[in-house]
Amino acid sequence: MISREKHNRMANAIRFLSMDAVEKAKSGHPGLPMGAADIATVLFSRYLRFDPKKPGWPDRDRFVLSAGHGSMLIYSLLYLLGYDDISVDDIKNFRQLGSPTAGHPEYGHAAGIETTTGPLGQGIGNAVGMAIAERHLAAEFGAELVDHYTYVLAGDGCLMEGISQEAISLAGHLRLGKLILFWDNNNISIDGPISIADSTDQPMRFRASGWNVIEIDGQDPDAIASAIESARKSDRPTMIAAKTTIGFGAPKKAGSKEAHGSPLGAEEIAATRKALGWTDEPFVIPSDILDAWRIAGLRSVKERKAWADRLANSGNDTRMDFERRMNGELPGGLEPAMATYKRKLAEEKPNVATRKASEMALEVINAVVPETLGGSADLTGSNNTRTSQTKAMTADNYAGRYIHYGIREHGMAAMMNGMALHGGVIPYSGGFLIFSDYCRPSIRLAALMGIRVIHVLTHDSIGLGEDGPTHQPVEHMAALRAIPNLLMFRPADVVETAECWQVALASANRPSGIALTRQNLPTVRGQFIEENLSAYGAYDLVSVSEADVTIFASGSEIEIALAARDQLEAKGHSTRVVSVPCFELFEEQSPEYRRAILGDSPVKVAIEAGIRQGWDAFIGSDGIFIGMTGFGASGPYKELYKHFGITPEDTVTAVEARLKTPR
Ligand SMILES: Cc1ncc(C[n+]2csc(CCOP(=O)(O)OP(=O)(O)O)c2C)c(N)n1
């Protein structure tokens, strides 16, 4: 049992490390760690299950600091608890280049940080995703191997962001009882008191979303402890509304916006030392307090060992499958199954939309990769993400492999990040490419963190037709290609779609988006080639030596490129066609390969029913681009292609004009 006096000093250790680190860095956010120190101390010293020496223990409890600006809270904890990755010197180097103690807690910089937050509200989505993954794996592997809690600390800002409602409402719907959210209810954000911009009754809002709510004084350790205990018994997710004081302990700045995001200043820090009775120099923790924290860090070692024994005794198949999945390795059956499937496609040459091709590939994948966890933002019939193996996940059946996310794209993408970070599952989504805008912040974070989430993005151009310009992506491929470390695929037929899926699944350290058509497309890869040509990013679909014309195209515009080629050849212009399913992978090829693919035809053309941005890398700034320059229109898609001049005939006309008057 930790005495109140000891608790206070343990919490003060967080407070002083935080205010002193922010002071030294001359930037950062002392207020949140100071206010939330009591919550963190109770949680980490008495309830959270983890082992600093084995930070990757799969059955550890997860803790997400959604209010990432309060990163000193987590760095203080990791140092105090004895995680190897955060030393006191790292704390002294808070916010310095190359230090693991980045401004916002960045996933991958130090063990013990479960996710990267910073954009407010994302952490709530991540935590819901982790809690879903936990329930799903518990249903598959049993409580002996998977049975842990997910905790998330969210501020007023997180709750104001719209993404929070998307995540909260699905969590309530799925009755994620092992999810516990602390609301750091300090009534302060940057501009001042929350009341200047918000009057939401948060407890009522959470209750309305199916949550259990407990309201407490967030500076009272006994109240915090009993709230956690009661939350852990709930069959619904729990929101602990913890009334706290931002900058707790600072005589002048506590409770004010001045404590939020700037150093407290030497004078105020000295006054805080006096007020809290802390006599030690900056970054010095009294040995009895450091010991108490280190002992707290050892709390779960026995439990972890017992868990390891259970895993070892769970039978070879279960253990190997569990370890494989948690390590993110694909099963050996995938490659042969895909090779057989590709061979069949080359024989049958189906004429289907690539969204359908994706469903066909998924039917093969889901049969041999049990860790895929699919879903759609209420567009299942349009995205074709559901296969025969994927039953719906419900509060009564967490073993289901298909999530009806509802119309919640942003929440979906953030939850998927949480699932991927949890491990053991490979989440894939379904949505319209146009609405990638609604989940872009989470896709960007997936790319930043280097995690495997796969977004199925259908209805990828004016080719969707009658729904019109609100639904027709124009700039989206370019915008998504601009995100570093994201693979954006736009396959041209069934074969490329299968290949793109294979690359996306094999890319354990980056997210992928697969843009797919609504309209049917012919099989252009009618000959079986075992090698994954799409993995080159761009490859010769129709090769010709000494070509007068090279046409580069992606997705549905490959069909147009091939028809244009036939017409050009008939007119005596030798023409090559290069299929470009993925810009990013092409950029990674050797200079020789790239040079060979780019070639030196006098005329280079690119066709994509989107904007030109990015294509100059293939055709040069003087190349011919056949695509969109503005928004689309509502109408049958064949007419739209004609209307916007994206046809074989338009291509031939432009090429011939150029051949007559070369630049
Ligand atoms: C999406 C997003 N918008 C804006 C910000 C900038 N920002 C960082 S902290 C903050 C205020 C947050 O207030 P609160 O959650 O109450 O935190 P506290 O003041 O308690 O530290 C804002 C607007 C951000 N990090 N993310």
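One can find the structure itself at the top, above this paragraph.
The structure contained in this document is the topic of the report that follows. (Residues numbered from 1 in each chain as written. Predicted model: local features only at pLDDT ≥ 70, side-chain atom pairs only at ≥ 80, totals over all residues. Heavy atoms only, no water.)

1. Things to note about the nonpolar core
What counts here: The nonpolar core is taken to be a set of buried Ala, Val, Leu, Ile, Met, Phe, Trp, Tyr and Cys residues, with the residues joined through side-chain atoms within 4.5 Å. Note on classification: 1.4 Å probe, protein chains only; a residue is buried when its accessible area is under 20% of the maximum for its type, exposed when over 50%, partly exposed between these limits. Whether two residues are in contact is decided by their heavy atoms, any of which lying within 4.5 Å being enough.
Among the nonpolar cores identified, the biggest contains 121 residues, and I132, Y151 and W293 are the most heavily contacted of them. Sequence-distant contacts of W293, that is, excluding residues within four places in its chain, are made with M10, A13, I14, T41, F44, L77, L80 and L81. Grouped together as the second largest cluster of nonpolar side chains are 42 residues, V578, A609, I619 and I646 included.

2. Considerations on the site of the ligand
Rules: Throughout, near means a residue has at least one heavy atom within 4 Å of the molecule or strand. Any pair of nitrogen or oxygen atoms within 3.5 Å is treated as a polar contact; in protein, a donor-acceptor pairing is required on top of that, and neighbouring residues in sequence qualify only through side-chain atoms on both sides. Under the convention used here, a 1.4 Å probe and the Shrake-Rupley method define accessible areas, while residue burial counts only the protein chains that appear. Basically, the charged four are Asp, Glu, Lys and Arg, the nonpolar ten are Ala, Val, Leu, Ile, Met, Phe, Trp, Tyr, Cys and Pro, and anything else, Gly included, counts as polar.
The local shell around the ligand holds 15 residues, among which H69, G157, N186, I188 and H260 are the closest. G157 is positioned with one of its backbone polar atoms (N or O) 2.7 Å from an oxygen atom of the ligand. The side chain of N186 places a nitrogen or oxygen atom 2.6 Å from an oxygen atom of the ligand. Taken by itself the ligand offers 590 Å² of open surface, and the protein chains cover 75% of this. When grouped by side-chain class, the residues that make up the shell around the ligand number six nonpolar, seven polar and two charged.

3. A few points about the sheet that holds strand β17 (residues 603-607)
What counts, and what does not: When DSSP locates at least two bridges between a pair of strands, those strands are taken to pair. By definition, any uninterrupted DSSP run of H or I lasting at least four residues is a helix, any uninterrupted run of E lasting at least two residues is a strand, and each is numbered from the N terminus. Axes here mean lines fitted to C-alpha atoms, for a helix over just the part in contact, with angles spanning 0 to 180 degrees between N-to-C directions.
Across the sheet, five strands lie side by side as β14-β16-β15-β17-β18; this open sheet has mixed pairing. Unpaired on one side and paired on the other, β14 (539-542) and β18 (624-626) mark the two borders of the sheet. Between one strand axis and the next, the sheet turns through 30 degrees on average, direction left out of account. Pairing between strand β15 (residues 549-553) and β17: five bridges, direction parallel. Following the sheet pairing, V549 is matched in β17 by V603. Relative to strand β16 (residues 575-579), helix α23 (residues 591-598) is tilted by about 130 degrees, and along the sheet it contacts β14, β15, β16 and β17.

4. Some thoughts on the sheet that holds strand β7 (residues 372-376)
Read from one edge of the open sheet, six strands run β8-β7-β9-β10-β12-β11, paired in parallel fashion. A strand with exactly one partner marks an edge of an open sheet, and here the two such strands are β8 (402-404) and β11 (487-489). In this sheet, adjacent strand axes meet at a mean angle of 20 degrees when their direction is disregarded. Across three bridges, the pairing between β7 and β8 is parallel. In the sheet register, G374 faces β8, and the bridge partner there is Y402.

5. Here we look at the pattern of salt bridges
Quick note on the threshold: In what follows, salt bridge is the name for a side-chain nitrogen of Lys or Arg lying within 4 Å of a carboxyl oxygen of Asp or Glu.
Enumeration over the complete set of coordinates arrives at 32 salt bridges. Among the ionic pairs, R324 bridges to D321, the shortest N-O distance being 3.2 Å. Of this pair, R324 and D321 both sit in helix α13 (residues 316-326), three residues apart, which is roughly one turn of the helix. A residue is classified by how much of its surface remains accessible, and D321, at 26% relative accessible area, is partly exposed. Among the salt bridges present, the one from E466 reaches R518, with a minimum N-O distance of 3.9 Å. Placement of the pair is E466 in the loop between β10 (454-458) and α19 (476-481) and R518 in the loop between β12 (512-516) and β13 (520-521), with a sequence separation of 52 residues. E466 gets classed as partly exposed once you look at its relative accessible area, which sits at 44%.

6. Side note on unusual backbone geometry
Positive phi, close to 70 degrees, is recorded for R95, a residue that is not glycine. Relative to the assigned elements, R95 resides in the loop between α4 (88-92) and α5 (122-141). Residue R95 is classed as partly exposed on the basis of its relative accessible area, which comes to 27%.

7. A short note on the side chain of N126
Note on placement: N126 falls in helix α5. Those residues in contact with N126 that lie beyond four places of it in its chain are T115, T116, T117, A414, N417 and G418.

8. A look at the packing of aromatic side chains
We apply this condition: Pairing of aromatic side chains requires ring centres within 6.5 Å, counting the rings of Phe and Tyr and the six-membered ring of Trp. Pairs whose planes differ by under 30 degrees are stacked, by over 60 edge-to-face, and all others tilted.
According to the stated counting rule, one finds 21 aromatic pairs in the structure shown. With a centroid separation of 5.3 Å and 45 degrees between ring planes, the pair formed by W615 and F618 is classed as tilted. Here W615 matches F618 in class, with each residue buried. Look at Y637 and Y641: their rings are 6.3 Å apart centre to centre, the planes differ by 80 degrees, and that puts the pair in the edge-to-face class. Residue Y637 and its partner Y641 are both found in helix α25 (residues 637-643); the two are separated by four residues, about one turn of the helix.

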